[in-house]
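Chain by chain, the residues run as shown.
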Amino acid sequence: MRNNRAAPPWAHRWALPAMVLVTVFFVAPFLLNVRFAFSSWTSFRAEITWNGLENFGTLIDQDLLANAVTVTVLYAVLCMAIQNTVSLSLALALQRTSRINTIFRSAFFLPTLISPLAAGYIWRGLLAPDGAVNSFLGIEWAWLGEPSTALLVVAFIDAWKWSGLITLVYIAGLNSIPRSLLESATVDGAGPWTRFRRVVFPMLAPALTFNVAVTLVGALSAYDVIAATTGGGPGDHTRALNVVMRQQWGQGFFGSASALGFTVTLLVIATAVPLVWWLRRREVAG
Amino acid sequence: MRALLGVAIALSLAGCAASAPEEVKLTLWHNSADPAPLLEMYKKFEKQSGHRIELVSIPSDGFEDTTQTKWATGERPDILEYHATVSGLLALNPAENLRDLTGEAYIARSGDLYQAAGSVNGKVYAAITGFPQVFGLYYNKKLLPEPPKSFADLSTACATLKSSGVTPVFEAGGSIWPTQILPILYLADANQANAYGKAIAGHSSTLADSGSPFVAGLSAYAKLKADGCFNKDIVTAKFEDSMKALVTGKAAMVAQHSDMLPALLAAAGGDQKIVDENVGFVGLSSGKPLVTYAPGPIGTFYLPKTGDAAREKAALDFVRFMTGPAYAEYIAASKTFPVLKDVPDPEGVSSVLQDVKKAYDGGAVIAFNSDIPGMGGLAQLMSELIAGQKDPQAAATQLQSQVEQAAKAAGLPGW
């Protein structure tokens, strides 16, 4: 049964603090800075003039933009898929509150508390050709230096870093499913897989919406883990938009760097808005 | 009586305040690789002047990027330690942001140093106290009694060393920047009297010209890679790894510069004897044993305009201290060679540093990219070259585009 009661007229006031924060820390800086993406701003001279789409043209001519967008999107999809798969499995395994599960939940949550740069440096050491991982496996493989594995490995490191948090959201979602519903399904003869597919997964829709959106959008603006592990290499195989932005900035091409920042913002908006809209519709339909 | 005593104390305190110099806090952005004797000089200046220096350490890995990033926010230190190359200087927009030091006494005492470094359009902005970074080939004397003198020799040595199971040349692609050194060394022959650098900066030649020295340098590098002359972990290894491999005899050669001597010493556990017994240094270019030099960031100081008269005066005092009577003391303590002509060479210089000086005196050519803006992308392109994503010609074309972008932005004549 749908809830047809209209929201009280004062309900939107509760959104005010969030709207103020978003306006001050996102909308205003974005609007104030967007002009630099279309400017000749460099460290080489003081004058900043309007130059239209020249920065984008330069980035395309130098083979930087298309590759960076591809790497960023691929990385975001990998991070989202790995994190949600790992976290949902963990949530199902650790759903019941018991002493041992609490210990495991804490253990999996710990990486969330580590700085992303520190996490990156730790993993870079572990995954070095003469590092602990290769010593344990008895192989010689440059996990972060091979074009075929670098992006995937960095996505796994990102997943290791954030999966604890995503798992907690899924556990909260699982615990909000009425027990009576699962019992009814069991009485009707549904096995564990059918219960998961027909009852649990659809009821997890709000948690899924949040987790998919957060992991995807977070990975679109990735920088720190990549900078600490590969620095964008090998070659340009992990050179995401923010990594190129940092390199352009470092060379004094501030207008081009701003153009890349603008591209990240557009990518986030173009992905997040339709995605959340679609997932929310799916929740209502469910 | 008590009132009189109070007035007397107040007057005496006021007198003290008037005679004591006012302490000024100076911010100094410095390279984290500053050697201990230089850090000691900062302390000595504090002691002598009564001012306080707040050191802001910029990691030497990614030093240029990080400095530029901080600089771009509009933040300005009172003293900036940075590269003295014209390309490095142009990226700071010196006319707008830096104080003109032309006319300071140390400039006349430095020979023609400021003709090639630390100055733009006839104005001197830098105070260079460090001997130029001398780029060449560190080699393990036990593995390689006769070091190569040209890239042809290098290829021959590579084949011999490989067959004996030693890594011929250790490259640190994980630190990214060291991979550009070998191609720059290759170009020393073509850049005598900075001829090639001037042609590129003046736009009479381009990096991507068919058969250009630059393309030839990248091709020579690609050939070494194809011949298996580099370490297996070229993509992930850091420059500290290269120093260790050289000292321990796992690798025979590393292309690096002379400011890496402290890192070399650290790799030998701080034992100078181990370094001197195992490591030598020579020049290398496409055809002759030339070294390439570039005025380095270590000990090169700029005074950004801050608008605060007291701090600006104290910062100038710092430059005068570093280039004044204390300089000889610094040279003696650091055991590096002086750039001020009236200061004697230090005694007890390590054998490897003597090699550096000998190679420098034997034939030194300024790095071809010293005057060319926009060359910061070379290191990233080397990563792509190593990964096989770009061939030498494509890399040269892309770099030329970045040079054009920077040269136009800097308003260089001819662009």
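Starting afresh in each chain, residues are numbered from 1 along the sequence in its written order. In the order they appear in the text, chains get letters beginning with A and ligands get numbers beginning with 1. Residue-level local features of this predicted model are given only where pLDDT is at least 70; pairs of side-chain atoms are given and counted only at 80 or more, and the full residue set underlies all totals for whole chains, interfaces and linings.

Per an unreviewed UniProt entry, chain B carries the name Raffinose/stachyose/melibiose transport system substrate-binding protein and comes from Nonomuraea soli. The record in UniProt for chain B states the following under Sequence similarities (unreviewed entry): "Belongs to the bacterial solute-binding protein 1 family." UniProt positions are given in the numbering used here, feature names are shortened, and annotations may be inferred rather than shown by experiment.

The record in UniProt for chain A states the following under Subcellular location (unreviewed entry): "Cell membrane". If you open the UniProt record of chain A and go to Sequence similarities (unreviewed entry), you find "Belongs to the binding-protein-dependent transport system permease family."

Undergrad: I'd like a rundown of the sheet that holds strand β2 (residues 52–58) of chain B, residues and numbers included.
TA: Residues and elements named next belong to chain B. Spatial ordering of the open sheet is given by β2-β1-β3-β12-β6, a layout of five strands whose pairing is mixed. One side of each edge strand has no neighbouring strand; the edge strands of this open sheet are β2 and β6 (126–128). Looking at each pair of strands side by side, their axes are set apart by 25° on average, direction ignored. Two strands are said to pair when DSSP picks up at least two bridges between them. A helix here means a DSSP run of H or I that spans at least four residues, while a strand means a run of E at least two residues long, and both kinds are numbered starting from the N terminus. The pairing of strand β1 (residues 25–31) with strand β3 (residues 79–81) spans two bridges and is parallel. Its bridge partner being in β3, L28 is matched across the sheet by I79. Here an angle of 0 to 180 degrees is reported between the N-to-C directions of two axes, which are lines fitted to C-alpha atoms, with helices fitted over the stretch in contact.

Undergrad: So, the pairing of β2(B): which residues are in play, and what are the values?
TA: All names here are of chain B. When β1 meets β2, the two strands line up parallel, connected through seven bridges. What sits directly across from L26, in β2, is I53. Whether a crossover is right-handed comes down to one check: with the strands pointing away from the viewer, does the path from the first strand over the helix to the second run clockwise; if it does, it is right-handed. Remark: the β1/helix α2 (residues 36–49)/β2 crossover connection has right-handed handedness.

Undergrad: Requested: an account of unusual backbone geometry, with residues and values cited.
TA: Looking along the chain, the bond that leaves G233(A) and enters P234(A) is cis, with omega of -5°. The phi dihedral of I176(B) falls on the positive side, at around 65°, and the residue is not glycine. Along the chain, the position of I176(B) falls in the loop between β8 (167–169) and α9 (181–186). At A193(B), a position not held by glycine, the phi torsion is positive, near 60°. Topologically, A193(B) is positioned in the loop between α9 and α10 (195–201).

Undergrad: Lay out the domain arrangement of chain B with the relevant residues and their values.
TA: Residues and elements named next belong to chain B. Domains assigned within chain B are domain 1 (22–131 + 296–341) and domain 2 (133–294 + 352–410). By definition, residues are in contact whenever their C-beta atoms, placed on the basis of the backbone, come within 7 Å of each other. Contacts between domain 1 and domain 2 engage 14 residues on the former and 16 residues on the latter. Its residues placed into classes, the side of domain 1 that touches domain 2 shows eight nonpolar, three polar and three charged. An automatic or database domain assignment supplies the residue ranges for each domain. Each residue is assigned to one of three groups, with Ala, Val, Leu, Ile, Met, Phe, Trp, Tyr, Cys and Pro labelled nonpolar, Asp, Glu, Lys and Arg labelled charged, and all others, Gly among them, labelled polar.

Undergrad: Got a sec to walk through the interface of chain B and chain A? Specific residues and values, please.
TA: Between chain B and chain A, the residue contacts involve 32 residues of the former and 30 residues of the latter. Those elements that provide at least two residues to the side of chain B that touches chain A are α3 (63–72), α18 (378–386) and α19 (392–410) of chain B. For the side of chain B that touches chain A, the residue count by class is twelve nonpolar, 14 polar and six charged.

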